Amino acid sequence: MKIFLVAGARPNFMKIAPIVRALRAESREKSEKELSWMIVHTGQHYDYEMSQAFFDDLELPTPDFFLGAGSDSHAVQTAKIMVSFEKVCIDQRPDIVIVVGDVNSTLACSIVAKKLLIEVAHVEAGLRSFDLTMPEEINRIVADSISDYFFVTEKSAIENLVKQGKPNERIYFVGHVMIDNLFYQLKRLEGEKLSQFATYELKKDLENYVFLTLHRPSNVDSRETLLGIVEALNEISTEIPIIFPLHPRTKKMLDAFGIKLNKRVIFLEPLGFMESLFLWKDSVMVMTDSGGLQEETTALGVPCLTLRDNTERPITVEIGTNTLAGNKKQDILNYFWQIINNGKPGAAIPPKWDGKSAKRIVDVLTRN
Ligand code: UD1
């Protein structure tokens, strides 16, 4: 059996790392003919900080194929990935293509594989925000509509897939590879010399701080919306400083709109996984519009304020530490103070978020 593992954008790298470890372990027990695997990097993200830094941090091997797609409109980016990935698939004839998450690479590679009659396994299948203005929602729906294996992270995903008519026997509730990665890296971090991080002194000097990430087009691409968020952040930062690693899209939009942040909002370049974890795990609160951080904060019990109206990961709100604030100035401020004053009681770790999900996935794929 030959498996392709596809990754293209920053959040994918955290998800493939545990699968790589599980595949490595499984390969030791089998001959190459029985099991081989290759990593395909589509090149959707390409800057050192957005890509190679993660391969280094997560101890990922150099990809077997690098497609060099780069940034462009969604159509051009998706098409470039498809054209290059088709050539690699025809040349290599994998038996299964594993795609993770909901980025354009997930969409592009699942379509190509399926049309070549190669089985598609979707990791993090079934999640739905029911918001079709999000490009990721379209990617999720399309990838799920043609996948053969559905590896799901939470019960809402099972319900969504069943409603879509997917057969129960193809839906595997395995937990979350992102959380496998988090627990693994947290353990590694305990053994690291923390003074190696450029932000070591900054963290030491701050009594408390909020950790912020922001990059969704719905939050940063409109001047009015971004300005409202920034006004809330400026107000919060007069009480508690905010550490803000800047995504390239957000940097571009802040510059284009000429929007300025208060000095107590501390800008950083995009961070590697370890340094980011080093900072957010001890923050008073994470504010974010990312998908993964909503889940990672729940797994470590850190309060999370999500600057979106909806989430495709409802378990983080139901039993985790996540609160949805939307992106309006006054709502952000109200929810922020509510959490600072009252916390989020009753937080628990979702079922099967136990660090063993990648092994469950590899077990399913290799026994079928
Ligand atoms: C993509 C994903 C999103 C994910 C996010 C994580 C899709 C539809 N979106 O959004 O789900 O949460 O990645 O970061 O797949 N850029 C660089 N260097 C890079 C990559 C991008 O400078 O290495 C710049 C480009 O100028 C680009 C902008 O950032 O225009 C946005 O990048 P893009 O890949 O289009 O979307 P993201 O917002 O990163």
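Everything here concerns the structure above.
A brief report on the enclosed structure follows.

## Some thoughts on empty space enclosed by the protein
Point 1. For the structure on display, the rule yields one cavity of 30 Å³ or more.
Point 2. The volume enclosed by the largest cavity comes to roughly 30 Å³.
Point 3. Val123, Glu124, Phe151, Val152, Thr153, Val174, Gly175, His176, Val177 and Ile361 are the residues that line the largest cavity.

## Examining the nonpolar core
Point 1. One finds Ile19, Ile98 and Phe151 to be the most contacted residues of the largest nonpolar core, which totals 58 residues.
Point 2. Per-element tally for this core: the top contributor is helix α1 (residues 10–28), with eight residues.
Point 3. In this structure, Ala232, Ile240, Met253 and Val265 belong to the second largest nonpolar core, which totals 29 residues.

## Observations concerning the sheet that holds strand β3 (residues 65–66)
Point 1. With respect to topology, seven strands assemble into an open sheet ordered β3-β2-β1-β4-β5-β6-β7, the strand pairing being parallel. Bordering the open sheet on either side are β3 and β7 (171–173), each of which pairs with just one other strand.
Point 2. Bridging between strand β1 (residues 2–7) and strand β4 (residues 96–100) involves three bridges; their strand directions are parallel. Across the sheet, the residue bridging to Leu5 is Ile98, located in β4.
Point 3. Along the sheet, α1 makes contact with β1, β2 (36–41), β4 and β5 (119–123), crossing β1 at roughly 160°.
Point 4. Across the sheet, helix α3 (residues 74–92) is in contact with β1, β2, β3 and β4; its angle to β1 comes to roughly 165°.

Each value, and the rule that gives it
- Residues numbered from 1 in each chain as written.
- Predicted model: local features only at pLDDT ≥ 70, side-chain atom pairs only at ≥ 80, totals over all residues.
- Heavy atoms only, no water.
- 1 Å grid on protein atoms, 1.4 Å probe; cavity = no way out; pocket = protein on both sides within 12 Å on 5 of 7 lines; lining within 4 Å.
- Points joined across faces, edges and corners; volume = space filled by probe spheres on them.
- Core = buried A, V, L, I, M, F, W, Y, C linked by side-chain atoms within 4.5 Å.
- Buried < 20%, exposed > 50% of the residue type's maximum accessible area, 1.4 Å probe, protein only.
- Helix = DSSP H or I, 4+ residues; strand = E, 2+ residues; numbered from the N terminus.
- Pairing = 2+ DSSP bridges.
- Contact = heavy atoms within 4.5 Å.
- Axes fitted to C-alpha atoms, helices over the stretch in contact; angles between N-to-C directions.

Bear in mind that shape data such as this cannot, by itself, settle questions of function.
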